[in-house]
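Structural characterization, general
Take a look at the letters that make up each chain.
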Amino acid sequence: MKESTTKKLLKERKLRITTVRNEILSIFNDRNYALSFYDLEKELKTKFDTATIYRTINTFVENNIIHQIPLESKTAYYALNSVLEEDENSRKEHIHFLCRICRRTYCLENVIIKDLKINKNFRLESLKIIAEGVCDNCGAIS
Ligand SMILES: [Zn+2]
Ligand SMILES: [Zn+2]
């Protein structure tokens, strides 16, 4: 993501533009899979302290810039929200794909879950769908 793009996104969310926010945003944008706090820490520990990285992730989640992947793992993984999801009310649930070889998780934004018929009197609160298999990257190798 170009620096001008990350700055624009921060401005839209009325967030102050800081170096750490810019860098974390561009790391998320450069990957097409989900990242954990540890992944970010590994890349940024020479530049920013742990608390700053942690706080930035929380700010991004609160401001709908990234979302947490509903994995059953102890480590939380995050991915960038689709730019098309600006209107929160029209935000669509999408499924996630976990690759059993590289263990990376991808957002499948184009696989949209809709018209789900839930039993009468059942109230749906969240939907956690994880598809598992082999990603295009790993599939190309084997
Ligand atoms: Zn893979
Ligand atoms: Zn996702």
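Note that the structure is a prediction, hence the values are computed from the model and not measured. (Residues numbered from 1 in each chain as written. Chains lettered and ligands numbered in written order. Predicted model: local features only at pLDDT ≥ 70, side-chain atom pairs only at ≥ 80, totals over all residues.)

1. Digging into the packing of helix α1 (residues 3-12) against helix α2 (residues 19-30)
In the contact formed by α1 and α2, the axes pass within 9 Å of each other and the chain directions differ by 110°. Relative to α2, the element α1 is oriented roughly perpendicular. In the packing of α1 onto α2, the handedness of the crossing is right-handed. Listed contacts from α2 to Glu3, Thr6, Lys7, Leu9 and Leu10 of α1 are Arg21, Asn22, Leu25 and Ser26. When grouped by side-chain class, the residues that make up the contact of α1 with α2 number three nonpolar, three polar and three charged. (Axes fitted to C-alpha atoms, helices over the stretch in contact; angles between N-to-C directions. Helix = DSSP H or I, 4+ residues; strand = E, 2+ residues; numbered from the N terminus. Parallel < 35°, antiparallel > 145°, perpendicular 65-115°, else oblique. Left-handed = near helix turned anticlockwise from the far one by under 90°. Contact = placed C-beta atoms within 7 Å. Nonpolar A, V, L, I, M, F, W, Y, C, P; charged D, E, K, R; others polar.)

2. Quick notes on α1
The set of residues buried in α1 consists of Thr6, Leu9 and Leu10. Down the axis of α1, the smallest arc covering the buried residues is 100°, so these residues share one side. Facing away from the buried side of α1, by more than 90 degrees, are the exposed residues Ser4, Lys11 and Glu12. On its buried face, α1 is in contact with α2. Looking one or two residues past α1, Lys14 carries a phi angle of roughly 55°, positive in sign. (Buried ≥ 20, exposed ≤ 12 C-beta atoms within 10 Å, placed from the backbone. Arc of directions from axis to C-beta.)

3. Details of the nonpolar core
Core analysis: the biggest nonpolar cluster contains 23 residues, and Phe28, Ala34, Leu35, Ile66, Tyr78 and Ala79 have the highest contact counts within it. For this core, the elements supplying multiple residues, two or more each, are α1, α2, α4 (50-62), β3 (77-80) and β4 (94-99). With four residues, the top contributor of residues to this core is β3. Once you skip the residues sitting within four places of it in the chain, Ile66 turns out to touch Phe28, Phe60, Val61, Tyr78, Ala79, Leu80 and Asn81. (Core = buried A, V, L, I, M, F, W, Y, C linked by C-beta atoms within 7 Å.)

4. A closer look at the sheet that holds β3
Spatially, three strands are ordered β1-β3-β2 in an open sheet, and the strand pairing comes out antiparallel. Strands with a single pairing partner mark the edges of an open sheet, and in this sheet they are β1 (35-36) and β2 (66-68). Strand direction decides the pairing type here: β1 and β3, joined by two bridges, are antiparallel. Residue pairing for β3: Ser36 is matched across the bridge by Tyr77. (Pairing = 2+ DSSP bridges.)

5. Description of the sheet that holds β4
If you walk across this open sheet you meet the three strands as β5-β4-β6, and the pairing is mixed. Each end of this open sheet is capped by a strand with a single partner; those strands are β5 (105-112) and β6 (130-133). On average, each strand axis in the sheet is inclined to that of its neighbour by 30°, with strand direction left out of account. Note that β4 and β6 share four bridges and pair parallel. Note on β6: the bridge partner recorded for Leu98 is Glu132.

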